[in-house]
Amino acid sequence: MTFTRRTAASLAALAVALPFAASAQSGYPNKPVRVIVPFAAGSTTDIIARAISDKMAQSMGQPVVVENKGGASGTIGQAQVATAAPDGYTIMIHSSSHTVSPHTFAKLPFDTLADFAPVTPISSTPNVLVIAPSKNIKTLQELLAAARANPGKMNFASAGQGSATHLNAEKFKLAAKIDAQNIPFKGSAEAVTEVMAGRVDYYFSPIAPVIGQIRNGQLVPLAVGSPKRAAALPNVPTTAEAGVPGSEFNFWIGMFAPAKTPREIVDRLQAEVVKALATPEVKERFTALGADAWTLKPAEFDAYVRDEVKSNAALVKAAGLAVQQ
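Residues numbered from 1 in each chain as written. Predicted model: local features only at pLDDT ≥ 70, side-chain atom pairs only at ≥ 80, totals over all residues. Heavy atoms only, no water.

Draft legend 1. Representation of the sheet that holds strand β7 (residues 180–184) in the model. Read from one edge of the open sheet, 5 strands run β7-β6-β8-β5-β9, paired in mixed fashion. Each edge of the sheet is formed by a strand with only one pairing partner; in this case those strands are β7 and β9 (220–224). Pairs of neighbouring strands in the sheet enclose a mean axial angle of 30°, with direction left out of account. For strand β5 (residues 127–131) and β9, the ladder comprises 4 bridges, and the chain directions are antiparallel. Within the sheet, the bridge partner assigned to Val-128 lies in β9 and is Val-224. (Pairing = 2+ DSSP bridges. Helix = DSSP H or I, 4+ residues; strand = E, 2+ residues; numbered from the N terminus. Axes fitted to C-alpha atoms, helices over the stretch in contact; angles between N-to-C directions.)

Here's what the structure looks like:
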């Protein structure tokens with residue numbers, strides 16, 4: 001048998017693949033698993049990641065450690081996972097911002113579709129449009145009237161340029177046909193503070209960071225941006241119900257692994273998430289956050305992500321969002 005360069009290349013590729021195949025077959029995991037969250041500690045994505053990771057650690061018999069790698073609208077953490085070994089020991093829990101960044105950055109150090117293996121969504125978490133009581137606005141229609149009476153003068157907060165909170169607000173603005181300016185902050189905590197103080201007009205916030213302020217009257221909820229009402233705020237209408245059809249936005253949180261992670265490991269991770277979501281502790285935590293558990297098979301989630309990348313490209317273009325260099 002002739003030993004050719006092609007044979008040598010094939011053997012080299014096999015040598016690289018064998019450790020990962022062996023890992024899938026020999027008791028994964030056999031060491032701690034790192035979960036990269038590309039946002040600051042205390043964010044909704046972080047809280048959900050920690051709730052899931054704690055239960056996964058108990059089930060898998062190894063530590064599942066959350067590491068916050070925030071900055072640049074999540075792209076710093078994304079880049080770290082994109083270049084990690086595809087062995088299941090570095091994974092990512094991210095939000096729908098994952099499908100936005102390829103359209104809001106001129107250049108990324110990774111390919112959103114090619115460099116990640118979608119595992120499963122974890123939750124669908126409605127955003128709620130909140131405003132300070134000092135604004136004397138109690139309904140969504142009153143907000144729209146104020147915006148139309150003062151075109152270009154109203155503003156809204158977001159947890160960063162291109163974040164899910166930003167896209168939710170932009171989709172609402174387009175559907176409502178109003179002119180309002182985005183004021184980006186480093187995260188939800190700062191955005192909520194500025195809205196409560198009345199320095200920024202409104203904010204499409206994840207429910208968790210504002211549920212306490214809503215209950216004690218420091219913020220007024222006008223509508224939720226999701227396709228259906230939030231269980232945590234059953235009396236608050238959706239933006240569509242309140243008179244703005246076409247404004248629905250699904251803010252989700254999901255798990256990703258590096259591309260080329262063995263299918264056995266991806267399937268195992270998906271099964272562990274499903275198992276964690278079924279525990280009473282996680283169900284209770286999600287209820288407090290106003291989050292709905294949501295899972296898909298890896299292939300289904302991959303198709304969903306690809307569709308959303310396309311739809312967000314259209315949304316970013318329609319909103320005329322600036323591309324970051």
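On we go from here.
Draft legend 2. The arrangement of the pairing of β5 in detail. Buried residues dominate β5, accounting for 5 of its 5 residues. Side chains Asn-127, Leu-129 and Ile-131 of β5 all project onto a buried face; the interleaved residues Val-128 and Val-130 project onto the opposite face, where all are buried too. By the bridge criterion, 5 bridges tie β5 to strand β8 (residues 202–206) in an arrangement that is antiparallel. By the bridge assignment, Asn-127 is partnered in β8 with Pro-206. (Buried < 20%, exposed > 50% of the residue type's maximum accessible area, 1.4 Å probe, protein only.)

Draft legend 3. Structural view of the nonpolar core. Counting 32 residues, the largest nonpolar core has Ile-48, Ile-52, Met-56, Ile-122, Met-255, Leu-269 and Phe-286 as the members making the most contacts within it. At the level of secondary structure, the elements contributing two or more residues to this core comprise β1 (33–37), α2 (44–60), β2 (64–68), β3 (90–95), β4 (116–124), β10 (252–258), α9 (263–277) and α10 (280–289). The contacts of Ile-52, once residues within four sequence positions are left out, are Ile-122, Val-273, Ala-276, Leu-277, Val-282 and Phe-286. (Core = buried A, V, L, I, M, F, W, Y, C linked by side-chain atoms within 4.5 Å. Contact = heavy atoms within 4.5 Å.)

Draft legend 4. Quick peek at the packing of helix α6 (residues 164–176) against helix α11 (residues 298–319). Packing of α6 against α11 brings their axes to within 10 Å, and their N-to-C directions diverge by 65°. The hand of the α6/α11 crossing is left-handed. Listed contacts from α11 to Leu-167, Glu-170, Lys-171 and Leu-174 of α6 are Asn-312, Leu-315, Val-316, Ala-318 and Ala-319. (Left-handed = near helix turned anticlockwise from the far one by under 90°.)

Draft legend 5. Highlighting the pattern of salt bridges. Within the structure shown, the criterion is met by 11 salt bridges. One salt bridge in this structure joins Lys-135 and Asp-201, with 2.9 Å as the shortest N-O distance. Here Lys-135 is found in the loop between β5 and α5 (140–149), whereas its partner Asp-201 is found in the loop between α7 (188–196) and β8, with 66 residues between them in sequence. Of the residues examined, Asp-201 reaches a relative accessible area of 12% and is grouped as buried. Connected through shared salt-bridge partners, Arg-268, Glu-272 and Lys-275 make up one network. (Salt bridge = Lys/Arg side-chain N within 4 Å of Asp/Glu carboxyl O.)

Draft legend 6. Geometry of the confidence of the model for the protein. With 92% of its residues at a pLDDT of at least 70, the protein reaches an overall mean of 90. The model gives residues 1–25 a pLDDT under 50, and that stretch makes 13 contacts with residues more than four places away or in other chains. (pLDDT = per-residue confidence, 0-100.)

Draft legend 7. Here's a closer look at the sheet that holds β1. Pairing is mixed in the open sheet, where 6 strands are placed in the order β2-β1-β3-β10-β4-β11. Lying at the two open borders of the sheet, with one neighbouring strand each, are β2 and β11 (292–293). Along the sheet face, α2 touches β1, β2, β3, β4 and β10 and points at about 165° away from the line of β2. Of the strands in this sheet, β1, β3, β4 and β10 touch helix α3 (residues 75–82), which is tilted by about 150° from β3.

Draft legend 8. Broad picture of the side chain of Ser-123. Mapped onto the fold, Ser-123 is located in strand β4. Here Ser-123 falls in the buried class, since its relative accessible area comes to 0%. A distance of 3.1 Å separates polar atoms of two side chains, one belonging to Ser-123 and the other to Thr-125. Among residues more than four places away in sequence, those in contact with Ser-123 are Ile-48, Phe-251, Trp-252, Ile-253, Phe-286, Ala-291, Asp-292, Ala-293 and Trp-294. (Polar contact = N/O pair within 3.5 Å; in protein donor to acceptor, adjacent residues only side chain to side chain.)

Draft legend 9. Structural detail: the environment of Leu-140. Secondary-structure assignment places Leu-140 in helix α5. In sequence terms Leu-140 and Leu-222 are 82 residues apart; their C-alpha atoms lie 5.3 Å from each other. Setting aside residues no more than four positions away along its own chain, Leu-140 makes contact with Leu-129, Phe-172, Leu-222, Ala-223, Thr-239, Ala-242 and Val-244.

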